[in-house]
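Structural description and commentary
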Amino acid sequence: MNIRLAARVLSALLLPVGLFALPACTRDASPTTSQDRAAPAPDAKALAHADLAHRLRRFLIERTAPGIARGPMAAADERFRLGAFWRARTDTHHFGADFRSRAEIALAASGSAPAADAALRQLRDTVEARLPAWQALVDYNAAGTMRDDGGDEGRRLLPWAIASIDAIEVATWDYVDAVEAAR
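Quick look at the structure, then.

Scanning the entire structure with this criterion turns up three aromatic pairs. Plain terms: the ring middles of Phe59 and Trp134 are 5.9 Å apart, the flat faces sit at 45 degrees to each other, and that makes the pair tilted. Here the residue Phe59 occupies a position in the loop between helix 2 (44-57) and helix 3 (72-81), and Trp134 occupies one in helix 5 (residues 114-143), the gap between them amounting to 75 residues. Taken individually, Phe59 and Trp134 each receive the classification buried, so the pair is uniform in this respect. Note on Phe95 and Phe99: the rings are 5.4 Å apart at their centroids and 75 degrees apart in plane angle, and the pair reads as edge-to-face. Judged by its relative accessible area of 0%, Phe95 falls in the buried class. Under the relative-accessibility criterion, Phe99 is labelled buried at 3%. Through a chain of ring-to-ring contacts, the aromatic side chains of Phe59, Phe95, Phe99 and Trp134 assemble into a single cluster.

Below, the discussion takes up the packing of helix 4 (residues 97-108) against helix 5. At a minimum axis separation of 10 Å, helix 4 and helix 5 run at an interaxial angle of 155 degrees. Relative to helix 5, helix 4 is oriented roughly antiparallel. The handedness of the crossing between helix 4 and helix 5 comes out as left-handed. For the pair helix 4 and helix 5, contact is made by Phe99, Ala103, Glu104, Ala106 and Leu107 and by Asp117, Leu120, Arg121, Leu123, Arg124 and Val127, respectively. Here the residues of the contact of helix 4 with helix 5 are counted per class, giving seven nonpolar, no polar and four charged.

Moving on, we come to helix 4. Taking 1.5 Å as the rise per residue, helix 4 with twelve residues should run 16 Å; its terminal C-alpha atoms sit 17 Å apart, in good agreement. Three or more residues of helix 4 are buried, namely Phe99, Ala103, Ala106 and Leu107. Axial view of helix 4: buried residues confined to an arc of 95 degrees, hence all on one face. Set apart from the buried face of helix 4 by more than 90 degrees, the exposed residues are Ala97, Ile105 and Ala108. Packed against the buried residues of helix 4 are helix 2 and helix 5.

Conventions and cut-offs
Residues numbered from 1 in each chain as written. Predicted model: local features only at pLDDT ≥ 70, side-chain atom pairs only at ≥ 80, totals over all residues. Heavy atoms only, no water. Phe/Tyr/Trp six-rings, centres within 6.5 Å; stacked < 30°, edge-to-face > 60°. Helix = DSSP H or I, 4+ residues; strand = E, 2+ residues; numbered from the N terminus. Buried < 20%, exposed > 50% of the residue type's maximum accessible area, 1.4 Å probe, protein only. Axes fitted to C-alpha atoms, helices over the stretch in contact; angles between N-to-C directions. Parallel < 35°, antiparallel > 145°, perpendicular 65-115°, else oblique. Left-handed = near helix turned anticlockwise from the far one by under 90°. Contact = heavy atoms within 4.5 Å. Nonpolar A, V, L, I, M, F, W, Y, C, P; charged D, E, K, R; others polar. Expected span 1.5 Å × (residues − 1). Arc of directions from axis to C-beta.

Next up, the structure:
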């Protein structure tokens, strides 16, 4: 019984407050300046590029300014570049069939994003040309044959894999930067 009474008293107190605020909620909110107007909705091409760029960001190693220490993942990448072929980056999956499919969708989508399209074409060509050398080292490590040959094949594959990762990473950064600039 006390709960019902308390609820009635509370609603009786809040009713005038709600009625006082109601006119403010029902006013026309028409924009008065061009800044108040909503930005145009992105087209299909912009959305496809944004989705692909978001997915590729997971691959990228952080960039830092000169004199600023890199994070742990970037430091591990640097150790790999210095010769630890058995710790090769294994994130080649970012550039598999899903990447190719999403790239084709972004390029074929309606809309206009010439800089992003050009950067994506360059990335796609770089991946096509460079991924096999990187994948060869990843496959070598996964097979465990370094125990059989003392790592000779890994040392042979390492410079090609590093050059491939570097080229793909540069092209990926170029693409992500182009997509962000188009926003």
